[in-house]
Amino acid sequence: MKKIAAFAGSTSSTSINKQLASYAATLLNNTAFDVLDLNDYEVPIYSEDIEKAHDFPEGAISFNKTLDNYDGFIVSLAEHNGAYSAAFKNLFDWVSRKNREVFRNKSVLILATSPGGRGGESVLNLAKGTFPHMGANVISSYSLPVFYDNFKEGKIIDTSKIKELTTIVNEFEKTL
């Protein structure tokens with residue numbers, strides 16, 4: 001059976017993007033999944049000086065090895081000032097120093113949500129431009145605006161938004 005990793009580009013213990021990534025993974029039909037937490041992969045702020053003096057931090061080594069275990073990825077990105085969260089960008093900066101193909105040329109479904117009406121559209125557009133350079137075969141993207149109105153008790157409540165995400169997840173699953 002194929003297996004994917006779902007995770008948020010956030011270290012918040014109440015991450016709405018982790019909730020969305022986890023929910024999307026439950027829509028898979030014939031694929032197992034693990035939900036990863038970036039807090040399990042602690043790394044210092046990337047610096048060439050730190051890399052030269054101390055090599056690679058254990059968190060980056062561990063995350064890099066973990067990514068090898070999956071056939072694809074569902075990533076829901078937190079948007080901080082129109083870009084990736086610092087924690088996500090930093091971890092990926094470290095990992096890319098060991099393996100430029102961070103996503104291993106595998107299928108990636110990119111998601112984003114926010115409390116606002118744009119639903120993380122800026123970070124989605126950024127990811128669509130940069131993830132392919134990091135070895136991602138970006139299958140599709142999905143934005144859920146106004147998270148707290150559209151997501152209740154662990155799931156999306158708007159039937160049209162559920163249908164849209166289910167369709168995208170099914171397309172993603174066919175590529176694994």
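Q: Can you walk me through the packing of helix α1 (residues 16–26) against helix α7 (residues 159–174) in this structure?
A: Helix packing geometry: the angle between the two helix axes and the distance between the axes. Two numbers describe how α1 lies on α7: the axes approach to 9 Å, and their chain directions differ by 65°. Classified by the interaxial angle, the pair formed by α1 and α7 is roughly perpendicular. Of the two elements, α1 crosses α7, and the hand of that crossing is right-handed. Contacts between α1 and α7 involve Leu20, Tyr23 and Ala24 from the former and Ile162, Leu165 and Val169 from the latter. Split by residue class, the contact of α1 with α7 holds six nonpolar, no polar and no charged.

Q: How do you make sense of the environment of Lys161 when you look at a structure like this?
A: You can see Lys161 is positioned in helix α7. The spacing of Lys161 and Tyr142 is 19 residues in sequence and 9.6 Å in space, taken between C-alpha atoms. Filtering out sequence-adjacent residues up to four positions away, Lys161 remains in contact with Tyr142, Leu144, Pro145, Asn150 and Ile156.

Q: What is the right way to look at unusual backbone geometry in this model?
A: Most peptide bonds adopt trans geometry, and most residues besides glycine take a negative phi value. The backbone of Asp55 sits at a positive phi, close to 65°, despite the residue not being glycine. Within the secondary structure layout, Asp55 lies in the loop between α2 (48–54) and α3 (58–67). Phi is positive for Val146, close to 45°, though the residue is something other than glycine. With respect to the helices, strands and loops of the structure, Val146 is situated in the loop between β5 (136–144) and α6 (147–150). Owing to a relative accessible area of 27%, Val146 belongs among the partly exposed residues under this scheme.

Each value, and the rule that gives it
- Residues numbered from 1 in each chain as written.
- Predicted model: local features only at pLDDT ≥ 70, side-chain atom pairs only at ≥ 80, totals over all residues.
- Heavy atoms only, no water.
- Axes fitted to C-alpha atoms, helices over the stretch in contact; angles between N-to-C directions.
- Helix = DSSP H or I, 4+ residues; strand = E, 2+ residues; numbered from the N terminus.
- Parallel < 35°, antiparallel > 145°, perpendicular 65-115°, else oblique.
- Left-handed = near helix turned anticlockwise from the far one by under 90°.
- Contact = heavy atoms within 4.5 Å.
- Nonpolar A, V, L, I, M, F, W, Y, C, P; charged D, E, K, R; others polar.
- Buried < 20%, exposed > 50% of the residue type's maximum accessible area, 1.4 Å probe, protein only.

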